[in-house]
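Below are the chains, spelled out letter by letter.
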Amino acid sequence: MVSGSGICAKRVAVDAKNHMLGRLASILAKELLNGQKVVVVRCEEICLSGGLVRQEMKYLRFLRKRMNTKPSHGPIHFHAPSKILWRTIRGVLRLQAGHKYCLLGRLS
């Protein structure tokens, strides 16, 4: 990603196949904080830890969360794998930086 001399490539392409979701999100967040532009390919093949049934139940619990009075104002539930990764990176950047939306603009 970033070489030891501090010279960065214009864009870094990351193959997300067989990577764990949270670990990949933290590494990509760190690259975005360093000023690197990142392109992620094959997001649909990202791994989630735990069993398949457990992940399905966890996602269904997530889908049930909504606002009582006006559900269209509630949390947005993304279904695309790329948007799930984007939301995870957004959550990691929340812990690390206050200017996360300008950093997320470097991600594609």
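Reading the values: the criteria
Within each chain, residue numbers correspond to sequence positions counted from 1 in written order. In keeping with the predicted nature of the model, local features appear solely for residues at pLDDT of at least 70, side-chain atom pairs appear and are counted solely at 80 or more, and the whole-chain, interface and lining totals rest on all residues. Each side-chain value is worked out from all heavy atoms of the structure, with water and hydrogens disregarded. We define the nonpolar core as a collection of buried residues of types Ala, Val, Leu, Ile, Met, Phe, Trp, Tyr and Cys that are connected through side-chain atoms lying within 4.5 Å of one another. The buried label goes to any residue with under 20% of its type's maximum accessible area, the exposed label to any with over 50%, and the partly exposed label to all in between, with areas taken from a 1.4 Å probe on protein chains only. Secondary structure counts use DSSP, requiring at least four H or I residues in a row for a helix and at least two E residues in a row for a strand, with both numbered from the N terminus. Here a residue-residue contact requires only that any non-hydrogen atoms of the pair lie within 4.5 Å. Like-charged residues within 9 Å of one another, or nonpolar side chains (Val, Leu, Ile, Met, Phe, Trp, Tyr) within 5 Å, are grouped into patches, provided each residue has over 30% relative accessible area and no salt bridge. Using a 1.4 Å probe, the Shrake-Rupley method yields the accessible areas, and only the shown protein chains count as cover for residues. Put simply, a salt bridge is a Lys or Arg side-chain nitrogen that is within 4 Å of an Asp or Glu carboxyl oxygen. Paired strands are those between which DSSP finds at least two bridges. The crossover handedness rule: strands pointing away from the viewer, path from first strand over the helix to second strand clockwise, crossover right-handed. Charge convention: Lys and Arg are scored as positive, Asp and Glu as negative, and His as well as the terminal groups of each chain are ignored. Throughout, a charge is located at the NZ atom of Lys, the CZ atom of Arg, the CG atom of Asp or the CD atom of Glu. Working definition: a ring pair exists when centres of Phe, Tyr or Trp rings (six-membered ring for Trp) sit within 6.5 Å. Plane angles under 30 degrees give stacked, over 60 give edge-to-face, the rest tilted. Note on geometry: a ring has a charge over it if NZ (lysine) or CZ (arginine) is within 6 Å of the ring centre and within 35 degrees of the ring normal.

Draft legend 1. Here's a closer look at the nonpolar core. Leu28, Val40, Leu85 and Ile89 are the most contacted members of the largest nonpolar core, which has 20 residues in total. Every element with two or more residues in this core is listed here: strand E1 (11-15), helix H1 (21-33), strand E2 (37-41), helix H3 (81-96) and helix H4 (100-104). Here the element with the most residues in this core is H1; it accounts for six residues. The contacts of leucine 85, once residues within four sequence positions are left out, are Leu21, Leu24, Leu28, Val40, Cys43 and Ile46.

Draft legend 2. Representation of a nonpolar patch on the surface within the structure. On the surface, Val53, Met57 and Leu60 cluster together to form a nonpolar patch covering roughly 280 Å² of accessible area. Summarising the element assignment, valine 53 is placed in helix H2 (residues 52-64). Classification of valine 53 by relative accessible area gives exposed; the value is 61%.

Draft legend 3. The arrangement of the pattern of salt bridges in detail. For the structure on display, the rule yields two salt bridges. The salt bridge partner of aspartate 15 is arginine 42, with a shortest N-O separation of 2.6 Å. Of this pair, aspartate 15 sits in strand E1 while arginine 42 sits in the loop between E2 and H2, placing them 27 residues apart in sequence. Overall, arginine 42 belongs to the partly exposed group, its relative accessible area being 36%. Note that glutamate 45 and lysine 17 form a salt bridge whose closest N and O atoms lie 3.9 Å from each other. Highlighted residues: glutamate 45 in the loop between E2 and H2 and lysine 17 in the loop between E1 and H1, separated in sequence by 28 residues.

Draft legend 4. Geometry of the pairing of E2. The side-chain alternation of E2 yields one buried face, formed by Val38 and Val40, and one unburied face, formed by Lys37, Val39 and Val41. Where E1 lies against E2, five bridges are found, and the strand directions are parallel. Within E2, the residue paired with aspartate 15 across the bridge is valine 41. A crossover connection joins E1 to the parallel E2 through H1; in handedness this β-α-β unit is right-handed.

Draft legend 5. Quick peek at a positive patch on the surface. The grouping of Arg54, Lys58, Arg61, Arg64 and Lys65 at the surface amounts to a positive patch. Residue placement: arginine 61 occurs in helix H2.

Draft legend 6. Region of interest: the packing of aromatic side chains. Tallied over the full model, the rule gives two aromatic pairs. Relative to phenylalanine 62, the ring of tyrosine 59 lies with its centre 6.0 Å away and its plane at 45°, an arrangement referred to as tilted. Note that tyrosine 59 and phenylalanine 62 are positioned in helix H2 at a spacing of three residues, about one turn of the helix. Looking at phenylalanine 62, the relative accessible area reads 21%, which means it is partly exposed. Taking the centre distance of 6.1 Å and the plane angle of 90° together, the rings of phenylalanine 78 and tryptophan 86 count as edge-to-face. A cation over a ring is seen here: lysine 83 above phenylalanine 78, with NZ or CZ 5.3 Å from the ring centre.

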